Amino acid sequence: MKVEFEVNSTPNPLGRYLTWSPSPCRIRVSDPSGISGNSVNLKISSKTAGATGGSLVFRKTTSGPFSASINLTVPKSGESVPFQTAGKYPQASNRDGDVQIEAHNGTTLVGSVPVMVRIRKNANELTAEERERFLSAFAQLNAKGLGRFTDFREMHTSASRPQAHGAAGFLPWHRIYILDLERELQEIDPSVALPYWRFDLPAPKLFKKNYLGEANPLTGAVQFDSANPLQFWTTDGVQGFMRRPRFNTNTQSANVIDETATLNLGNDYDAFIDMEDDPHGYAHTSFMGPISSVPTAARDPLFFLLHCNVDRLWAKWQRKNVRYDYNSPQAYSTSPQPINHNLTDSLWPWNGVTGSGRPPTAPGGALASSLAVSAPGPMPLVLNTLDYQGNLSNLDRFGYDYDDVEFA
Amino acid sequence: MAKRKSAKKQTVKKSSQPSPAKLISTVTNDAVPEQERVQASRGASAAVLKDEAYFKKTMEVVLDQSQPASVRHACLQALEVASFQTIKFEKYRKDYILMMRKLARDSDPEIRFSALNTLSCEKDGYAQKRLLDGLKTPDKALVEPEVALQLLGNDVHAEVYSVARELVKKPPSEQVKTEALKLLAADSSASKIFEKVLLDKSENTENRQVSAAALHSIKPKSLYKHAASIVKDNSENDEIQATCLTALGNFFSDQDVKADADLVKGIQTLKKKGKTQVKKQATQFLKKFAE
C-alpha cells in the first residue's frame, strides 16, 4: 500500500513550505494493494531529521487544537482526505526537507513527504549554511544590479517617497515590498527566508566580511571576504557601497528605542506608527552611507533586513494587541490619508498605476506569487496586509512567519 | 467593507514624555548639560514636524559651530530622521538642503561627511561639483578622495567617469584606485582596464577582486574565461582564486560549468593542493557541480 500527500493545495514540491499558520493538506491512497475493506486507518505524524530542524503539528479539521499526530480513515478508492498541518512553534527548519510528514498503517510507513518550516529568523543567529544560502540567493538576485533587483531599487527612490513614507501606509507598503523581494529570492532558492536585523541588540556576526560586510574604519567602504558572493553587489552601475557606522557594530546595538518601548508606543495604530521615526528612522541613520537616506537606502542589502525587523515589530504589536481586522479602528488609522495609504487603496507599484498622485513609472509589475499560498494576490490593497498570518481567514495568510511571533 | 468607527481616545498611549516645546527648549538651551541636550534631541525628530519654529531652532543648533559637537551631531541626526517622514517634511526640504550645503564646509569633519552624504544621496548638484572639484584640485577637497568617490557613486555620470579613469591611471593611493575602479563598474568601455588589473599578479588583491566584479557586470564571458584560468594557475594567490570560485559557483549556469571538464579538473587539483579557505570553497564547488 502507498499513499501520497498534497501540501498547501498543490502536488508541486514548491508548495511544501510551512509556517506557524495552518496549511491545508490532503492524503490519498495511491496504491491500494494489501488493503482489505473499503478504507485504511492511518496515523499522520512528523519526523525531524537530526537533533535540530523543523517540527509539525496536525489537526483533522479547520478548527480546534493541534496535536503531534492524528488518525485518519482514508478510502481505498483513492479519494483524498483533508487535514491541516503547521510548524510547531518555535521549531523552525534549518534546511529544506528537514522534517517529513509521515503516514503509518500500524507500524508500517506507507508514505512520507519532506517539507520545510520556513521562517524568518534573526540574521545574527543563522547557521553558516543558512547564511550562505541566503547570501548566494541575494547576490544572484542582485545580478550585477540588473534584472529583477533593479525593480526593487527603483521602487524606493525620491519619486516614490510619498507612496511609502510619512503616513499610515508606511508599514503595509514595506510589508508587501519585502514579501515581493523574499518571493523572488525563493524563486532562486526556495529554502531561503529573509532574515531580520534586530537593530535594538548587538549583531556582531552580521557586520562581518563573511556576511553583510565590514566597514573600512576610515572610508566606510564595505568589504567582503573572497568567498562571499556579495562582493559582486552592484547598484546604480556602481560596485559596492559605503556603510559607516555611528556605533560599535561589534559590541553595541544601533541607537534606537528597544523592542519593549516600541511595542509600548501605544495600543492603537495611530500611536504605534510613530515607530517610523524611532526606531525605524534611527536605525537607518545609525550609519552614514546610502542606507541613511530614502532615495538611496535600497542600494545597501542591509536595508531589506532592517525592514524585515520593522515588519516583525509590527507583527509582534499586532499579536500583542490582536490587531488583524481592518474593520477595527485600533488596527489601522481612521483619519484620511494621502493616496497609497488608505485601507481601500491598491498599492503602488504593484497596481501598475502611474500619474494622478502616483509616480510616473511603476517598476516591477505585479507582486510575485507563491505556490504555497494565494494571498495577497498580484495587486494587494492596504487592507489585505493586516491579516498576514491568516488569523481571521486562513486563505489570507502570506506564507511567512517570524521565529518569535507565534500564530495567534 | 463594514464602516469603521472612529478610534476612541485611548487612556494608555505612548509612554509619558516631555512636550515638543519642552524638548526643543532643552535641546537649544546652552545652560543645560550636554548629555541632557543630546537625550532631548531624540524627541526633536518628531517635534520639528509639528512646528516650523522647532525645525528652525534645531537647525540653528546644528549650524552653530560654537555648540558642543555631541549636541550638533545629535540634532543633525534628529533632522535626518525627520526627513524620512516625507509628506510632513516636504515643506522643510529646501531649507534642509541649504543647511546641508553650509554644513558641507563645516569645520567638524563628521558633520561635513554627514552633510555631503545626505546631499549626494539626494543627487545634489552643488555637492557633486564640490566633490569633483576636490578630486581635481586636492586643496579644495572637503573629504578624502576615496570618500569623495564613494559619495559620487550615488549619482554617476560622464564627468565622474572621466575623473575616475584619471585616478585609476595615476592614483594618489591604493584606496583611491579601488574606489575609482568601483565607480567605473558600469562603464562598458572600461572592460580593458578591468581585464588588465584582474590578470596583473602584482596588482593589489582588492583591486583585482573589484575588477572581477566589474567584469561580471559588463563582460561576463570575459570573467568566466579569466576566472577559469586563475583557478587553474598554481602560482595565483588564494584570495583571488577564492573570488573566482565564488563567481563561477554563483553566477554561471550549472550546465556551462559542468560541461567544462578542464575547469572541473583544475578545481579538483585546487581541492587537493590549495590552502584551507580555497580548499573549502573548491570542495563546495565540486559538491555542487561535479560530485
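Thresholds, definitions, all that
- Residues numbered from 1 in each chain as written.
- Chains lettered and ligands numbered in written order.
- Predicted model: local features only at pLDDT ≥ 70, side-chain atom pairs only at ≥ 80, totals over all residues.
- Heavy atoms only, no water.
- Helix = DSSP H or I, 4+ residues; strand = E, 2+ residues; numbered from the N terminus.
- Rg over C-alpha atoms; globule rule 2.2 N^0.38 Å.
- Buried < 20%, exposed > 50% of the residue type's maximum accessible area, 1.4 Å probe, protein only.
- Expected span 1.5 Å × (residues − 1).
- Arc of directions from axis to C-beta.
- Polar contact = N/O pair within 3.5 Å; in protein donor to acceptor, adjacent residues only side chain to side chain.
- Core = buried A, V, L, I, M, F, W, Y, C linked by side-chain atoms within 4.5 Å.
- Contact = heavy atoms within 4.5 Å.
- Axes fitted to C-alpha atoms, helices over the stretch in contact; angles between N-to-C directions.
- Parallel < 35°, antiparallel > 145°, perpendicular 65-115°, else oblique.
- Nonpolar A, V, L, I, M, F, W, Y, C, P; charged D, E, K, R; others polar.
- Phe/Tyr/Trp six-rings, centres within 6.5 Å; stacked < 30°, edge-to-face > 60°.
- Lys NZ or Arg CZ within 6 Å of the ring centre and 35° of its normal.
- Pairing = 2+ DSSP bridges.
- Left-handed = near helix turned anticlockwise from the far one by under 90°.
- Buried area = accessible area lost by both parts, 1.4 Å probe.
- Salt bridge = Lys/Arg side-chain N within 4 Å of Asp/Glu carboxyl O.

### Here's the deal with the overall build of chain A
Regarding its fold elements, chain A presents eight helices and 15 strands. For 408 residues, the compact-globule estimate of 2.2 N^0.38 gives 22 Å, and chain A sits close to it at 22 Å. Principal axes of the C-alpha set define a box for chain A whose edges measure 75 × 50 × 40 Å. For chain A, buried positions account for 62% of its 408 residues.

### Thoughts on helix H3 (residues 52–63) of chain B
All names here are of chain B. With twelve residues, H3 should reach 16 Å at 1.5 Å per residue; the first-to-last C-alpha distance of 16 Å fits that figure. Considered for burial, the residues of H3 that qualify are Tyr54, Phe55, Thr58, Met59, Val61 and Val62. Taken end-on, H3 shows its buried residues confined to a sector of 155 degrees, consistent with a single buried face. Where H3 begins, one side-chain oxygen reaches toward the backbone nitrogen of alanine 53, 2.8 Å away; that side chain belongs to aspartate 51.

### A closer look at the nonpolar core
Nonpolar side chains tend to gather and get buried jointly when the protein is soluble and globular. Residues and elements named next belong to chain A. Counting residues in hydrophobic clusters, the biggest one holds 175 residues, and the most contacted among them are Phe138, Tyr177, Trp197, Leu206 and Phe304. Here this core takes eleven residues from helix H8 (residues 302–321), the largest share from any one element. Among residues more than four places away in sequence, those in contact with tryptophan 197 are Ala203, Leu206, Phe207, Phe247, Ala254, Ala283, Ser286, Phe287, Leu302, Leu305, Leu306 and Asn309. Formed by 28 residues, the second largest nonpolar core is a distinct cluster that contains Ile27, Ile44, Ala103 and Val113.

### A short note on the packing of helix H11 (residues 174–183) of chain B against helix H13 (residues 205–218) of chain B
Residues and elements named next belong to chain B. At a minimum axis distance of 9 Å, the contact between H11 and H13 shows a crossing angle of 0 degrees. By the angle between their directions, the pair H11 and H13 is classed as roughly parallel. Between H11 and H13, the contacting residues are Glu174, Lys177, Thr178, Leu181 and Lys182 on the first element and Glu206, Asn207, Val210 and Ser211 on the second. Within the contact of H11 with H13, the residues separate by chemical class into two nonpolar, three polar and four charged.

### Regarding the packing of aromatic side chains
In this description, an aromatic ring pair is defined by two values, namely the gap between the centres and the angle between the planes. What the rule picks out here adds up to 35 aromatic pairs over all chains. Note on phenylalanine 247 of chain A and phenylalanine 287 of chain A: the rings are 5.3 Å apart at their centroids and 65 degrees apart in plane angle, and the pair reads as edge-to-face. Pair noted here: phenylalanine 247 of chain A is in the loop between strand S14 (244–245) and helix H5 (259–263) and phenylalanine 287 of chain A is in strand S15 (residues 287–288), with a separation of 40 residues, a long-range link. We note that phenylalanine 247 of chain A, like phenylalanine 287 of chain A, is buried. Here phenylalanine 89 of chain B and tyrosine 92 of chain B contribute two aromatic rings whose centre-to-centre distance is 5.7 Å and whose plane-to-plane angle is 85 degrees, an arrangement assigned as edge-to-face. The same class applies to phenylalanine 89 of chain B as to tyrosine 92 of chain B, namely buried. Taken together, the ring pairs connect Phe134, Phe138, Phe149, Phe152, Trp173, Tyr177, Trp233, Phe303, Phe304 and Trp350 of chain A into an aromatic cluster. Taking NZ or CZ as reference, arginine 120 of chain A lies 3.6 Å from the ring centre of tyrosine 400 of chain A, over its face. Here the guanidinium or amino end of arginine 244 of chain A rests over the ring plane of phenylalanine 113 of chain B, the centre of that ring lying 3.9 Å away.

### Quick word on the sheet that holds strand S6 (residues 70–75) of chain A
Residue and element names in this part refer to chain A. Ordered in space as S2-S9-S8-S4-S6, the five strands form an open sheet in which the pairing is mixed. The open sheet terminates on both sides in strands that have one partner only, identified here as strand S2 (17–18) and S6. When strand S4 (residues 39–48) meets S6, the two strands line up antiparallel, connected through six bridges. Directly across from lysine 43, in S6, lies its bridge partner asparagine 71.

### Quick notes on the sheet that holds strand S3 (residues 23–31) of chain A
Hydrogen bonding along the main chain pairs the strands of a sheet, whether they run parallel or antiparallel. Residue and element names in this part refer to chain A. One open sheet accounts for four strands, arranged S1-S3-S7-S5; its pairing is antiparallel. On the outer flanks of this sheet lie strand S1 (2–7) and strand S5 (56–59), each paired with one strand and no other. The mean angle between the axes of side-by-side strands here comes to 35 degrees, regardless of whether they run parallel or antiparallel. Note: S1 against S3, six bridges, orientation antiparallel. Paired with glutamate 4 across the bridge in S3 is arginine 28.

### Description of the environment of arginine 133 of chain A
Residue and element names in this part refer to chain A. Mapped onto the elements of the fold, arginine 133 is located in helix H1 (residues 128–142). The class for arginine 133 is buried, based on a relative accessible area of 16%. Separated by 38 residues in the primary sequence, arginine 133 and arginine 95 have C-alpha atoms spaced 9.6 Å apart. Setting aside its immediate chain neighbours within four residues, arginine 133 contacts Asn94, Arg95, Asp189, Ser191 and Val192. Of note is the side chain of arginine 133, whose polar atom sits 2.6 Å from the backbone oxygen of asparagine 94.

### Some remarks on the packing of helix H14 (residues 220–231) of chain B against helix H17 (residues 261–273) of chain B
All names here are of chain B. The N-to-C vectors of H14 and H17 enclose an angle of 35 degrees; their axes lie 9 Å apart at closest approach. At the point where H14 passes H17, the crossing takes the left-handed sense. Taking contact as the criterion, the partners of Tyr224, Ala228 and Val231 in H14 are, on H17, Leu263, Gly266, Ile267 and Leu270.

### Let's talk about the side chain of lysine 121 of chain A
Residues and elements named next belong to chain A. Structurally, lysine 121 can be placed in the loop between strand S9 (108–117) and H1. Among the polar contacts made by the side chain of lysine 121, one reaches the side chain of asparagine 94 at a distance of 3.1 Å. Leave out the neighbours within four places in its chain, and lysine 121 touches Ala92, Ser93, Asn94, Leu126, Glu130, Leu194, Pro195, Tyr196 and Asp403.

### Some remarks on the interface of chain B and chain A
Where interface size is quoted, it is often the accessible area lost as the parts come together. Of the residues lining the interface, 66 residues belong to chain B; the matching set on chain A comes to 73 residues. Across the interface of chain B and chain A, roughly 5,700 Å² is buried in total on both sides, 51% from carbon and sulfur atoms. Here chain B is connected to chain A by four salt bridges. Put simply, glutamate 80 of chain B and arginine 246 of chain A hold a salt bridge, and the shortest N to O gap is 2.8 Å. Across the contact surface, chain B and chain A share 18 residue pairs in polar contact (both at pLDDT 80 or more). For the side of chain B that touches chain A, the residue count by class is 26 nonpolar, 23 polar and 17 charged.

### Considerations on the pattern of salt bridges
Inspection of every chain in the model, using the stated rule, returns 41 salt bridges over all chains. We note a salt bridge from lysine 56 of chain B to glutamate 52 of chain B, for which the minimum N-O separation is 3.3 Å. Here the residue lysine 56 of chain B and the residue glutamate 52 of chain B both occupy positions in helix H3, the gap between them amounting to four residues, near one helical turn. Lysine 56 of chain B gets classed as partly exposed once you look at its relative accessible area, which sits at 39%. Among the charged side chains, a salt-bridge network with shared partners connects Arg198, Asp200, Glu259, Arg312, Lys316 and Asp404 of chain A.

### Brief notes about the pairing of S3 of chain A
Sheet topology note: the S3 of chain A/strand S7 (residues 81–87) of chain A ladder contains five bridges and is antiparallel. Counted as the bridge partner of isoleucine 27 of chain A is valine 81 of chain A from S7 of chain A.

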